[in-house]
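Residue-level listing of the chains:
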Amino acid sequence: MDVIIDIYRKTYAEVGQTYLNQGVNFVKIKRILMACFVVVFTIFILAICNFDFGFDKVNKNNSNIDSAKSKQSESKSLLTSAEKDKSNSKSKNKEDDTEDDSYVRKTIGVLLDTENLNNESYNNNVLSALKRADEDFDVRIKLEKPKTSKSFKESIEKLHKYEPDFIIAVGARFAEPIKEAATKYPKQQFAIVDYTYKVQPANVISVSFQDNVTGYLAGLIAGKMTDTGKVGFIGGVEGSSRDKYESGFRKGLKTSNKDAELLVKYSNIFENPESARTIAKEMRDSDRDVVFSATEDDSKRAIQVARENGGKVIAINKDQYDMAPDNVISSIIKDVEQPVYELIKNVAKDGFKGSKVMEFKIKDGELGLTSKSSRNIPPDVLEYIKKEYNKVKDTY
C-alpha cells in the first residue's frame, strides 16, 4: 500500500511539473490522476480478495462449450449406434416376419353328433380337447353340430369348403358319410372317433378303444352280481364299438358265471329316444336283475327303469352313480378327450396323413372302473375281477 502511495506521489509530482512547464491546467490533471489512482487501488483490493473478474467464467463457459460439443458428439455417436441397432432390429423383425409368413396355421374341422341332445359326456370331452389343442397348438377350429343324421353330409360339405387340414367326426353314426366323403375327396384327410372299418379307407384315421376289454370287465361283474342268474345287454347303433362290447361281455359273463342266461337287444335312441327305456323295462319284467348298456344315453334310460322297478345297472362312458346310488353298481369310464387331443397334436406337428387305427387301452388310462364301484361291489368280487383281468389283458 505504501509503495502505491509513493508511486502516486512521484507520478503526481513529475506529471504535475511537466504539465506546469507546458502551461496545462493543473486542477484538471489532478482529477485525472486521482481517478487513475482510485481505479488502480480498487483493482488491487479486489485482487487481494480473490474476486472473480469473469475470466474463469469465460474459461468455464468455453470448457462447457467444449464439453457440450464432446457430449453432442458422443450423443451423435450413440444415436448412430441406436439407429444401427434399430436398423438391425428392423432387419431381424423382417426376418422374423418372413419366418412367420412361412408358418401356416392348421385348420381342424370337427363334427359332433348332438341329435336329441345325446352324447353329452362324449361331446363335452371333445370340446375340452378342442380348447386344450387351441391353447397349445394355435389351431383354427371349425365346429359343426348337425341336428339330425339327415344333415350329416351337408355338414361335411360345409366343413370341406374351409379347406381344413383335417376333418374329425365323433361317433359311429358318421361312419358311412365319412366313408363316402373320403372317396369323393381323396386328398382330404379325415378321422373318425369310436369306429373302425373292416376295410380302412386310404385317407381316414380311426380312433378306437378296447371296448372288448370294457365289455369283458362288465361281464365279469354281471356274472358275480346277479341274484337271478339272468342278465341283459343293451347295445347301441350298429358299429364296431357295439360288436366289441358285446363280444367282451359274453366272454366275461361266461368266465364269472357259466350258467348265467343272457338276453341281448339293440336300441337306436336317435330314431326313438325311448327305445332303450322300453328294452330295459322288458328286461326287468323278464327278471333280468343286472343290465349292461353299452352307450351313455342307453345307460340313463336303463338307470331310470332300475330306480323305478329295482335291479342293477352297469353304466358306461362316465360315472353315473349319483343318478341312482342303490342301483348303479359300477360305471366304466370311456374318456375321448385325450385321444382327440392326441389326434390334433399329431396333425399340428407333422400333418398326420394316411390310413391308420389308433387304439387306446385301459393301461393308457382312457377307460376303467370308477372308484365308486366299491360302494356296491364287495371287495372279494373286485379282487376277483382284477385277478381275472390280469390273466387275459395281454391277449386283447
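1. As for the packing of aromatic side chains
- Under the defined criterion, the tally for this structure stands at eight aromatic pairs.
- Considering the side-chain rings of Phe 233 and Phe 249, the 5.7 Å spacing of their centres and the 35° angle between planes classify their relative orientation as tilted. With Phe 233 in strand β6 (residues 230–235) and Phe 249 in helix α8 (residues 240–256), this pair connects stretches of sequence that are 16 residues apart.
- Taking relative accessible area as the criterion, Phe 233 reaches 0% and is therefore assigned buried.

2. Concerning the environment of Val 237
- Inspection of the secondary structure assignment puts Val 237 in the loop between β6 and α8.
- Note: C-alpha distance between Val 237 and Phe 270 (33 residues apart in sequence) is 8.8 Å.
- Beyond its immediate sequence surroundings of up to four residues, Val 237 is in contact with Arg 173, Arg 242, Ser 267, Asn 268 and Phe 270.

3. With respect to the sheet that holds strand β4 (residues 190–193)
- Read from one edge to the other, the open sheet built from six strands follows the order β2-β1-β3-β4-β5-β11, with strand pairing classed as parallel. In the strand order of this sheet, the two ends are held by β2 (140–144) and β11 (356–360), each with one partner. Between one strand axis and the next, the sheet turns through 20° on average, direction left out of account.
- One ladder, built from five bridges, connects strand β1 (residues 107–112) with strand β3 (residues 166–170); its direction is parallel. Across the sheet, the residue bridging to Val 110 is Ile 168, located in β3.
- Packing of helix α5 (residues 152–160) onto the sheet brings it into contact with β1, β2, β3 and β4, and relative to β1 it is tilted by some 170°.

4. Some points on the environment of Ser 128
- Examined against the element boundaries, Ser 128 turns out to sit in helix α4 (residues 120–137).
- In this structure Ser 128 comes out as partly exposed when scored by relative accessible area, which is 32%.
- As for Ser 128 and Val 340, which are separated by 212 residues in sequence, their C-alpha atoms are 9.5 Å apart.

5. Examining unusual backbone geometry
- Unusually for a residue other than glycine, Asp 194 sits at a positive phi of about 75°.
- Look at Asp 194 and you get buried, because its relative accessible area is 10%.
- At Asp 287, a position not held by glycine, the phi torsion is positive, near 70°.
- Along the chain, the position of Asp 287 falls in the loop between α9 (275–285) and β8 (290–293).

6. Section: the pattern of salt bridges
- One pass over the full model with this rule turns up 21 salt bridges.
- Notably, a salt bridge pairs Asp 319 with Lys 372, separated by 4.0 Å at the nearest N-O pair. One end of the pair, Asp 319, is in the loop between β9 (312–317) and β10 (328–334); the other, Lys 372, is in the loop between β12 (367–369) and α12 (379–392), and 53 residues separate them in sequence.
- Exposure remark for Lys 372: the relative accessible area of 21% places this residue in the partly exposed category.
- Each of Arg 105, Asp 134 and Asp 138 takes part in salt bridges that share partners, so that together they form one network.

7. Considering the side chain of Gln 200
- Turning to its location among the elements, Gln 200 is positioned in the loop between β4 and β5 (204–209).
- A distance of 3.2 Å separates a polar atom in the side chain of Gln 200 from the backbone oxygen of Val 204.
- Separated by 2.6 Å, the side chains of Gln 200 and Ser 206 make a polar contact.
- With residues near it in sequence (within four places) discarded, Gln 200 still touches Ile 205, Ser 206, Ser 355, Lys 356 and Val 357.

8. With respect to the nonpolar core
- Counting residues in hydrophobic clusters, the biggest one holds 27 residues, and the most contacted among them are Ile 221, Ala 222, Phe 249, Phe 292, Ile 314, Ile 329 and Ile 385.
- At eight residues, the largest contribution of residues to this core is made by helix α7 (residues 211–225).
- Once residues within four sequence positions are removed from consideration, Ala 222 is found in contact with Val 231, Phe 249, Leu 253, Val 290 and Ile 314.
- Core analysis: the next-biggest nonpolar cluster, separate from the first, contains 26 residues, Val 170, Val 336, Leu 343 and Ile 344 among them.

9. Observations regarding helix α6 (residues 175–184)
- Those residues of α6 not exposed but buried are Ala 175, Pro 177, Ile 178, Ala 181 and Ala 182. Looking straight down α6, one finds its buried side chains confined to an arc of 165°; they lie on one side. Opposite the packed face of α6, turned more than 90 degrees from it, sit the exposed residues Thr 183 and Lys 184.

Basis of the calculations
- Residues numbered from 1 in each chain as written.
- Predicted model: local features only at pLDDT ≥ 70, side-chain atom pairs only at ≥ 80, totals over all residues.
- Heavy atoms only, no water.
- Phe/Tyr/Trp six-rings, centres within 6.5 Å; stacked < 30°, edge-to-face > 60°.
- Helix = DSSP H or I, 4+ residues; strand = E, 2+ residues; numbered from the N terminus.
- Buried < 20%, exposed > 50% of the residue type's maximum accessible area, 1.4 Å probe, protein only.
- Contact = heavy atoms within 4.5 Å.
- Pairing = 2+ DSSP bridges.
- Axes fitted to C-alpha atoms, helices over the stretch in contact; angles between N-to-C directions.
- Salt bridge = Lys/Arg side-chain N within 4 Å of Asp/Glu carboxyl O.
- Polar contact = N/O pair within 3.5 Å; in protein donor to acceptor, adjacent residues only side chain to side chain.
- Core = buried A, V, L, I, M, F, W, Y, C linked by side-chain atoms within 4.5 Å.
- Arc of directions from axis to C-beta.

Note that all results are geometric; they support no functional claim without further evidence.
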